[in-house]
Amino acid sequence: MKRLNIENVLLTGHSGFKGSWLCAVLAKQNAKISGLSLPDEEAGALIPLVRSAGMLEREFLGDIRDLATCRQAVTEARPEVVLHLAAQPLVRRSYRDPLETWTTNVIGTANILEACRQSDSVRAIVVVTTDKCYENKECVHPYRENDRLGGHDPYSASKAGAELLTASYRKSFFRETGVRVATARAGNVIGGGDFAEDRLLPDAVRAFSKNQPLILRNPRATRPWQHVLEPLSGYVILAERLLNEPNGGFDTAWNFGPDADGNATVGEVAEAFSRLWGDARVECLDSHDGPHEAGLLQLDNSRAKTLLGWSPRWSLDDTLRHTADWYRVWHKGGDTAALMQKQIQNFFDRR
């Protein structure tokens, strides 16, 4: 893995699933990392591995909905690059608590951008949103970065709001000061260490670990599945281009999604994962009367491929195999930290 040409990074949401993997990626590339996340009762399963390995230069625990917290983190960390991942990331939770979702994903993002606007150290910002920020018309057309934004559920709509907010800050404030700001829209990410509620593979692991069947709500729903390292590598490439090529036109929106083989139904992914786990069962509900969830969603990744030189490295089969390996090691009480490092090395060595 090459040495990053980034001196100092502030990573929000560093204690979550994606954030912890990104800490490990950045640390392996010798970046100096400061993290800002909620207190530990909201942390993911991987953050103890990050801390025990000494990956963090400093850590701030607080809520991004509080502007003073965001200002303190930016002021004390003095980052040149900010990677903003902190969010309320769950669709079904957004139905239960829409206000938390809107304030975290929109006001929280505004607070981070405002704190950066008042900083003299920040030179590049990547705001992470989601593939669900598009107005989903349930068509076979993979969404491109210039397609219309929207969102049925509070989570998706709040992420579209974060996109609009970021574009406003970019045009109103950052371009005139030379700070480059981009947004990153990733497909469904999977990988070891995710134990969030109402997500397919964490639900599968919880069920299979107890010798229970995985119950599927929407087995025919199609999603763009990818290993968590895929979009994270895109965020890093994008941040470097913003920092090192400020006039390159990279301060815009970017899709990071899989190639065609990664577009698969929930049922197909669940069945494949159950076979990798071994002696596991998948069952489908006869009917589903829960809140609305998108049935078909695909991303066009051609722009990132052409202009950033990013491309997916692992097929869906590879992704599921590496994910199942991690959870099996975890289930047996093995060394997940070592496996995490091995998978990162394997991923970046893949050509």
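Everything quoted here is computed from the prediction, not taken from an experiment.

K.L.:
Break down empty space enclosed by the protein for me, citing the residues and quoting the values.
P.N.:
Vacant regions in the atomic arrangement are exposed by a probe of water-molecule size rolled over the atoms. Following the criterion strictly, the structure yields one cavity of 30 Å³ or more and no others. The space that makes up the largest cavity amounts to roughly 40 Å³. Around the largest cavity, the lining residues are H84, A86, A87, T104, N105, T109, V127, V128, T129, K159 and A162. When residues of the lining of the largest cavity are assigned to their parent elements, the largest contribution, three residues, is made by helix α5 (residues 98-117). Of the residues assigned to the lining of the largest cavity, the class counts are five nonpolar, five polar and one charged.

K.L.:
Can you break down the packing of α5 against helix α6 (residues 154-177) residue by residue, with the values?
P.N.:
Running from amino to carboxyl end, α5 crosses α6 at an angle of 15 degrees, the nearest separation of the two axes being 9 Å. It follows from the interaxial angle that α5 and α6 lie roughly parallel. Pair α5 / α6 crosses with right-handed handedness. Contact residues: α5 offers P98, T101, W102, N105, V106, T109, A110, L113, E114, C116 and R117, while α6 offers P154, Y155, A157, S158, K159, G161, A162, L165, T166, Y169, F173 and F174. Residues of the contact of α5 with α6, tallied by class, amount to 14 nonpolar, six polar and three charged.

K.L.:
Any chance you could break down the nonpolar core for me, citing the residues and the numbers?
P.N.:
Soluble globular proteins tend to pack their nonpolar side chains together in the buried interior. Counting residues in each nonpolar core, the largest one holds 72 residues, and the members touching the most others are W21, L22, L83, L200, L238, F256 and F273. With eight residues, the top contributor of residues to this core is helix α8 (residues 229-244). Membership of the second largest hydrophobic core comes to 24 residues, among which are C70, A77, V122 and Y169.

K.L.:
Tell me about the packing of helix α11 (residues 316-331) against helix α12 (residues 336-349), residues and numbers included.
P.N.:
Closest axis-to-axis distance for the α11/α12 pair is 9 Å, and the angle between their directions is 165 degrees. Between α11 and α12, the interaxial angle falls into the category roughly antiparallel. The chirality of how α11 crosses α12 is right-handed. Across the interface between the two elements, H322, D325, W326, V329 and W330 of α11 pack against T336, L339, M340, Q343 and N346 of α12. Residues of the contact of α11 with α12, tallied by class, amount to five nonpolar, four polar and one charged.

K.L.:
So what about the packing of aromatic side chains? Which residues, and what values?
P.N.:
Applying the stated criterion to the full structure yields 16 aromatic pairs. Ring centres 6.4 Å apart and planes at 35 degrees place the aromatic pair F273 and W277 in the tilted group. Note that F273 and W277 are positioned in helix α9 (residues 266-277) at a spacing of four residues, about one turn of the helix. For F273, a relative accessible area of 0% translates into the label buried. Taking the centre distance of 6.4 Å and the plane angle of 85 degrees together, the rings of F273 and Y327 count as edge-to-face. Taken together, the residues span a long stretch of sequence, with F273 in helix α9 and Y327 in helix α11 at a distance of 54 residues. Judged by relative accessible area, Y327 falls into the buried class, the value being 0%. Grouping aromatic residues by their ring pairs yields a cluster made of F195, F208, F273, W277, W326, Y327 and W330.

K.L.:
Outline the environment of A87, listing residues and values.
P.N.:
As for its placement among the helices and strands, A87 is situated in the loop between β4 (81-84) and α4 (91-96). Distance in space between the C-alpha atoms of A87 and G13 is 7.1 Å, their sequence separation being 74 residues. Contacts of A87, omitting those with residues within four sequence positions, involve T104, N105 and K159.

K.L.:
Just give me the short version of unusual backbone geometry, but keep the residues and values in it.
P.N.:
Although it is not a glycine, D198 sits at a positive phi angle of roughly 55 degrees. Residue D198 is classed as partly exposed on the basis of its relative accessible area, which comes to 31%. Its identity as a non-glycine residue notwithstanding, D279 has a phi of 55 degrees, on the positive side. Of note, D279 is situated in the loop between α9 and β12 (282-284).

K.L.:
Please provide a residue-by-residue account of the pairing of strand β9 (residues 222-227), values included.
P.N.:
With six of six residues buried, β9 is to be regarded as a mostly interior element. Burial along β9 is two-sided: T222, P224 and Q226 and R223, W225 and H227, pointing in opposite directions, are all buried. Sheet analysis places strand β7 (residues 188-190) next to β9, joined by three bridges and oriented parallel. Bridge pairing links N188 to W225 in β9. Bridging between β9 and strand β11 (residues 263-265) involves three bridges; their strand directions are antiparallel. Of the residues in β11, the one forming a bridge with T222 is T265.

K.L.:
Describe in detail α6, supporting the description with residues and values.
P.N.:
Two residues of an α-helix separated by three or four positions point the same way, owing to the 3.6 residues in each turn. For α6, built from 24 residues, the straight-helix expectation of 34 Å at 1.5 Å per residue is met to within 8% by its first-to-last C-alpha distance of 33 Å. Roughly 45 degrees is the biggest bend found in α6, and it falls at R170. The N-cap of α6, judged by a side-chain oxygen 3.1 Å from the amide nitrogen of Y155 a few residues on, is D153. One or two positions beyond α6, positive phi appears at G178, with a value near 85 degrees.

Quick notes on the rules
- Residues numbered from 1 in each chain as written.
- Predicted model: local features only at pLDDT ≥ 70, side-chain atom pairs only at ≥ 80, totals over all residues.
- Heavy atoms only, no water.
- 1 Å grid on protein atoms, 1.4 Å probe; cavity = no way out; pocket = protein on both sides within 12 Å on 5 of 7 lines; lining within 4 Å.
- Points joined across faces, edges and corners; volume = space filled by probe spheres on them.
- Helix = DSSP H or I, 4+ residues; strand = E, 2+ residues; numbered from the N terminus.
- Nonpolar A, V, L, I, M, F, W, Y, C, P; charged D, E, K, R; others polar.
- Axes fitted to C-alpha atoms, helices over the stretch in contact; angles between N-to-C directions.
- Parallel < 35°, antiparallel > 145°, perpendicular 65-115°, else oblique.
- Left-handed = near helix turned anticlockwise from the far one by under 90°.
- Contact = heavy atoms within 4.5 Å.
- Core = buried A, V, L, I, M, F, W, Y, C linked by side-chain atoms within 4.5 Å.
- Buried < 20%, exposed > 50% of the residue type's maximum accessible area, 1.4 Å probe, protein only.
- Phe/Tyr/Trp six-rings, centres within 6.5 Å; stacked < 30°, edge-to-face > 60°.
- Pairing = 2+ DSSP bridges.
- Expected span 1.5 Å × (residues − 1).
- Bend = angle between axes of the 7 residues up to and from the residue.
- Polar contact = N/O pair within 3.5 Å; in protein donor to acceptor, adjacent residues only side chain to side chain.

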